[in-house]
Amino acid sequence: QIFHTYLQEWGMNGGKPTKLIVLDCGIGDHFAFKSILSKLKERHQDKELILAVCYPHVFQGEGLKLISIADAKNMLGPRYDDSNLYKKL
């Protein structure tokens, strides 16, 4: 499963490479992240952005693939904590 996740990130699954962003945080943080979303899309034009979110309604109409936090935990396994912004701070 971990290897499959790496293949997806690298675009070896027949599609674009992916950039998974995990927003395991409050609704205010979701709106704060949304304020930088256009710059993030511009920076990662070559990748499919996937957001793992708690509040999917915040990103409706953005044209992004949204997944649950549980799906992100399953995809990333032990690497899940590496995606937590607050742990990095």
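Here is what the cut-offs are and how they apply
Residues numbered from 1 in each chain as written. Predicted model: local features only at pLDDT ≥ 70, side-chain atom pairs only at ≥ 80, totals over all residues. Heavy atoms only, no water. Helix = DSSP H or I, 4+ residues; strand = E, 2+ residues; numbered from the N terminus. Polar contact = N/O pair within 3.5 Å; in protein donor to acceptor, adjacent residues only side chain to side chain. Contact = heavy atoms within 4.5 Å. Salt bridge = Lys/Arg side-chain N within 4 Å of Asp/Glu carboxyl O. Pairing = 2+ DSSP bridges. Axes fitted to C-alpha atoms, helices over the stretch in contact; angles between N-to-C directions. pLDDT = per-residue confidence, 0-100.

A.B. asks: How do you make sense of the side chain of His-30 when you look at a structure like this?
C.D. replies: Tracing the sequence through the fold places His-30 in helix α2 (residues 27-34). In terms of polar contacts, His-30 uses its side chain to reach the backbone amide nitrogen of Tyr-55, at 3.4 Å. Each residue touching His-30, except ones within four places of it in the same chain, is listed here: Leu-23, Cys-25, Val-53, Cys-54, Tyr-55, Val-58 and Phe-59.

A.B. asks: In this structure, what is going on with the pattern of salt bridges? I would like to understand it.
C.D. replies: For side chains of opposite charge, pairing can occur when their charged atoms come near one another. Counted by the stated rule, this structure contains two salt bridges. Residues Glu-62 and Lys-34 are paired through a salt bridge, measuring 3.9 Å at the closest nitrogen-oxygen approach. Taken together, the positions of Glu-62 in the loop between β2 (48-53) and β3 (65-68) and Lys-34 in helix α2 put the pair 28 residues apart, joining distant regions of the chain. Put simply, Glu-62 and Lys-41 hold a salt bridge, and the shortest N to O gap is 3.2 Å. You can see Glu-62 sitting in the loop between β2 and β3 and its partner Lys-41 sitting in helix α3 (residues 37-43), a full 21 residues away along the chain.

A.B. asks: Quick question: what am I supposed to make of the sheet that holds β3 here?
C.D. replies: Sheets are built from strands that pair by backbone hydrogen bonding, the pairs being arranged parallel or antiparallel. If you trace the three strands from one edge of the open sheet to the other, you get β1-β2-β3, paired in parallel fashion. Across the chains shown, the open sheet's two edge strands, defined by having one partner strand only, are β1 (18-23) and β3. This sheet shows a mean twist of 25° between the axes of neighbouring strands, independent of strand direction. Relative to β2, β1 is paired through six bridges, and the arrangement is parallel.

A.B. asks: How should the confidence of the model for the chain be read in this particular structure?
C.D. replies: Note that predicted coordinates carrying low pLDDT should not be read in detail. Averaged over all residues, the pLDDT of the chain is 84; the fraction at 70 or higher stands at 80%. When pLDDT is averaged over each element of the chain, α2 comes out on top at 94 and helix α1 (residues 2-10) at the bottom at 63.

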